[in-house]
Amino acid sequence: MKIVAIALNTFKECIRDRILYNLLIFAVLIIGLSAVLSTLTFGEQVRIIINIGLAAINIFGVMMAIFLGIGLVYKEIDRRTIYTILSKPIKRYEFLIGKFFGLLITLVLNLAVMTAGLVGVVYLTGWVINVLLFKAVFLIFMEFVLITSIAMLFSCFSTPTLSAIFTLSFYVIGHLTEDIKFFGSKADSLFAKKLSSLIYYALPNLENFNIKGFVVYGSGVDNSFILFSTLYGILYSAMLIVISILIFQKRDFK
Amino acid sequence: MIKTKSLTKVFKVGFRGRKVTALEGLDLEVKKGEIFGFLGPNGAGKTTTIKILMGLIYPTRGDAWIMGSPLGDVSVKRRLGFLPENPYFYDYLKGEEFLHFYAQLIKMPKRDRKAKIKDILSLVGLKGAGDLQLRRYSKGMTQRIGIAQALLSDPELVIFDEPMSGLDPVGRKEVRDVILKLRDEGKTVFFSTHILPDVEMVCDRVGILVKGRLRSVGNIEELLGGHIKSIEITARGISESVLKEMEPLVERVIKRDESLLLSVEKEEDAEKVVDIIQSSGGRLYSLIPQRPSLEEYFMKEAGKR
């Protein structure tokens, strides 16, 4: 109940943030533009639309998660709005979980708008919608969940600028961990091998949430893979949230 | 209602973690139904104390209890209202929306919310401002909506951090009136301030905090000693010769147009002066005993090393 109130208020806060609309407008524009670009090719039109569309949804959604996530806790402390919230019968972890879900609600809504745009464009160009597209969107959402928990973790102890840099690094490295592991295994030095496998196992592997290629080429994706990725995303995020709570619980709000 | 035992807070500041003691060994007790003024110059540790009580920062040493519950007990906050220093709230919310949100946090039943919020808004003088976004509020209005959120749960104990700072005289009087109204309702009020006249007007007891240590606690009469510093007499129609006669008794004479302001140190001397004025046909306008002010006391305490 209290968590829901905080989540809904966070949602209100997010949707009144101008940065959200800038990103959303850009995303929808690019999805629309994909239809124009697709006319440049012959026979591959839907692939181009879906390829660009999903990429736009993914990148702009991640940007929303990062830019709203980094301020999630920091802003509350910086503006001292947290003082009166915590003077009410609310535990610190309830506050944090409320904030997290508030941002997730915002992201779901935006994801729905962007997906509707993509489906609309695909439909208007006369192609059949594949269920696989929605599976891809779902996994993109799981990636948002993970990115949001990373951003919130940094937001608990770091400034927005640093948090943005850290979270963005996580995002980039998260998509490269398999390559890092591969190069590490080819390396001569033992140190490089150990380091690359440490990075591989410690950092999230965000390629688990990427099935865009399968959608584009229409090949099937095993449901067990989707289940695995979902569990992976939930467990990894839960772990990050627990760490955030531990940090947040001990903090002095000076 | 509030009890602290050797409460201490040491902050680490800067890159090297230099230690700064903001509060040292605070022993304080605030009783039920009293208005307690927590005084001290800037940086004395008032806000640190209040933040520890509210669970916003953790004490380095010592303990504190609010209404019998140790720090960290969240349930006690249902019976507690808090206004921070220079409060700031979600500025994208409208006044009423904001109070609705806070009403949810204290689990106020839905059916009571509307009426309660309306009452509170009129109590703090924000009737009609409920539709306005908080970003459009003036400083005084923000302070008032802050008081409104603190009183939302009808708390037994209210903690205000500098409730009068930054307000104009009218705003300060309104805050004082709210505090006095709370006392009439039998609530306990603990507030910090450095605006001394306000304290003299409303507080039952005060504590003076200087450099993290409690210098003195007690009711104002007790602290000031209750003795009379001097007596000021105003009179008219006094000739030069009469004035000469009084001179040995009078400490200081100030002439203002027709009237004379005479400052006398001892009560007996004052009586004699009054006799002289009356027997010489002069007119006595006023006779006011001067007590040392809280301000003088405060300056003395704050200045001590």
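Cut-offs applied
Residues numbered from 1 in each chain as written. Chains lettered and ligands numbered in written order. Predicted model: local features only at pLDDT ≥ 70, side-chain atom pairs only at ≥ 80, totals over all residues. Heavy atoms only, no water. Helix = DSSP H or I, 4+ residues; strand = E, 2+ residues; numbered from the N terminus. Lys, Arg positive; Asp, Glu negative; His and termini not counted. Charge placed at Lys NZ, Arg CZ, Asp CG, Glu CD. Rg over C-alpha atoms; globule rule 2.2 N^0.38 Å. Buried < 20%, exposed > 50% of the residue type's maximum accessible area, 1.4 Å probe, protein only. Core = buried A, V, L, I, M, F, W, Y, C linked by side-chain atoms within 4.5 Å. Contact = heavy atoms within 4.5 Å. Patch = residues over 30% accessible without salt bridge, like charges linked within 9 Å, V, L, I, M, F, W, Y side chains within 5 Å. Areas by Shrake-Rupley, 256 points an atom, 1.4 Å probe, with all protein chains shown as cover. Salt bridge = Lys/Arg side-chain N within 4 Å of Asp/Glu carboxyl O. Pairing = 2+ DSSP bridges. Axes fitted to C-alpha atoms, helices over the stretch in contact; angles between N-to-C directions. Domains from an automatic or database assignment. Buried area = accessible area lost by both parts, 1.4 Å probe. Polar contact = N/O pair within 3.5 Å; in protein donor to acceptor, adjacent residues only side chain to side chain. pLDDT = per-residue confidence, 0-100.

A look at the overall build of chain A
- Summing up its helical and strand segments, chain A has twelve helices and zero strands in all.
- Reading the helices (α) and strands (β) of chain A from amino to carboxyl end gives α-α-α-α-α-α-α-α-α-α-α-α.
- In terms of principal-axis extent, the alpha carbons of chain A reach across some 60 × 50 × 30 Å.
- Across chain A, the 21 positively charged side chains and the 13 negatively charged ones have centroids separated by 9 Å.

A few points about the overall build of chain B
- Per the secondary structure count, chain B includes ten helices and 14 strands.
- Since a compact globule built from 305 residues should have a radius of gyration of about 19 Å, the 25 Å found for chain B marks it as more spread out than a globular shape.
- When its C-alpha atoms are laid out on the principal axes, chain B stretches across 75 × 50 × 35 Å.
- Relative to its 305 residues, chain B shows a buried fraction of 50%.

Topic: the nonpolar core
- Judged by nonpolar contacts, the single largest core of 156 residues is most densely connected at Ile159(B) and Phe190(B).
- A per-element tally of this core places helix H7 (residues 131-155) of chain A first, with 17 residues.
- When neighbours within four sequence positions are excluded, Ile159(B) is seen to be in contact with Ile2(B), Ile50(B), Leu53(B), Met54(B), Leu80(B), Gly81(B), Phe82(B), Leu83(B) and Phe190(B).
- In this structure, Val242(B), Val250(B), Leu262(B) and Ile277(B) belong to the second largest nonpolar core, which totals 17 residues.

Here's the deal with a negative patch on the surface
- Together, Glu267(B), Glu268(B), Glu271(B) and Asp275(B) line one region of the surface with negative charge.
- Position of Glu268(B) relative to the elements: it lies in helix H9 (residues 267-279).

Concerning a nonpolar patch on the surface
Residues and elements named next belong to chain A.
- Nonpolar side chains collect at one region of the surface, where Val4, Leu8 and Ile105 lie side by side and expose about 230 Å² of accessible area between them.
- Relative to the helices and strands, Val4 resides in helix H1 (residues 2-15).
- With relative accessibility at 47%, the residue Val4 sits in the partly exposed group.

Structural notes on the side chain of Glu76(A)
- With respect to the secondary-structure elements, Glu76(A) resides in helix H4 (residues 74-78).
- Looking at Glu76(A), the relative accessible area reads 2%, which means it is buried.
- Once residues within four sequence positions are removed from consideration, Glu76(A) is found in contact with Glu13(A), Gly71(A), Thr81(A), Ile82(A), Phe95(A), Lys99(A) and Tyr90(B).

Quick word on the side chain of Asn208(A)
Residues and elements named next belong to chain A.
- Turning to its location among the elements, Asn208 is positioned in the loop between helix H10 (190-202) and helix H11 (212-217).
- You can call Asn208 buried: its relative accessible area is 9%.
- Once you skip the residues sitting within four places of it in the chain, Asn208 turns out to touch Leu139, Phe225, Phe228, Ser229 and Tyr232.

What about the environment of Val250(B)?
- Inspection of the secondary structure assignment puts Val250(B) in strand S12 (residues 250-256).
- With a relative accessible area of 14%, Val250(B) lands in the buried category.

Let's talk about the sheet that holds strand S2 (residues 18-30) of chain B
Residue and element names in this part refer to chain B.
- One open sheet holds the four strands; their spatial order is S2-S1-S4-S5, and the pairing between them is antiparallel. At either margin of the open sheet sits one strand with a lone partner, and together these are S2 and strand S5 (69-70).
- Across the sheet, helix H1 (residues 46-53) lies against strand S1 (2-13), S2 and strand S4 (61-66), angled at about 110 degrees from S1, the strand it touches most.

Thoughts on the domain arrangement of chain B
- When its domains are assigned, chain B resolves into domain 1 (2-224) and domain 2 (230-292).
- Between the C-alpha centres of domain 1 of chain B and domain 2 of chain B there is a distance of 46 Å.

Focus: the interface of chain B and chain A
- At the junction of the two partners, chain B supplies 33 residues and chain A supplies 29 residues.
- Across the chain B to chain A interface the summed buried area is about 3000 Å²; carbon plus sulfur atoms make up 58%.
- In terms of surface lost to chain A, no three residues of chain B exceed Leu56(B), Tyr92(B) and Leu105(B), which account for 22% of the buried area on that side.
- At the junction of chain B with chain A, the criterion picks out three salt bridges.
- Linking Glu97(B) and Lys12(A) is a salt bridge whose minimum nitrogen-to-oxygen distance equals 3.1 Å.
- Run the count over chain B and chain A and you get 19 residue pairs in polar contact (both at pLDDT 80 or more).
- Elements with a minimum of two residues in the side of chain B that touches chain A: S1, strand S6 (80-83), helix H2 (95-105) and helix H4 (139-151) of chain B.
- The dominant element in the side of chain B that touches chain A, judged by the number of residues it contributes, is H2(B), at five residues.

Things to note about the confidence of the model for chain A
- Confidence in the prediction of chain A, expressed as mean pLDDT, is 90, and 100% of residues score 70 or more.
- Model confidence for chain A, summarised as mean pLDDT per element, is weakest for H11(A) at 81 and strongest for helix H12 (residues 223-250) of chain A at 95.

A closer look at the sheet that holds S6(B)
Residues and elements named next belong to chain B.
- The strand order across the open sheet built from six strands is S6-S7-S8-S3-S9-S10, with neighbouring strands paired in mixed fashion. The sheet is open, and its two edges are formed by S6 and strand S10 (213-219), each paired on a single side. Direction aside, the axes of adjacent strands within the sheet are offset by 15 degrees on average.
- Taken together, the four bridges between S6 and strand S7 (residues 157-161) define a ladder with parallel strand orientation. Considered in S7, the bridge of Phe82 is made with Ile159.
- Along the sheet face, H4 touches S6 and S7 and points at about 165 degrees away from the line of S6.
- Against the sheet, helix H10 (residues 294-303) makes contact with strand S3 (35-39), strand S9 (205-210) and S10, and its axis sits at roughly 30 degrees relative to S9, the strand it touches most.

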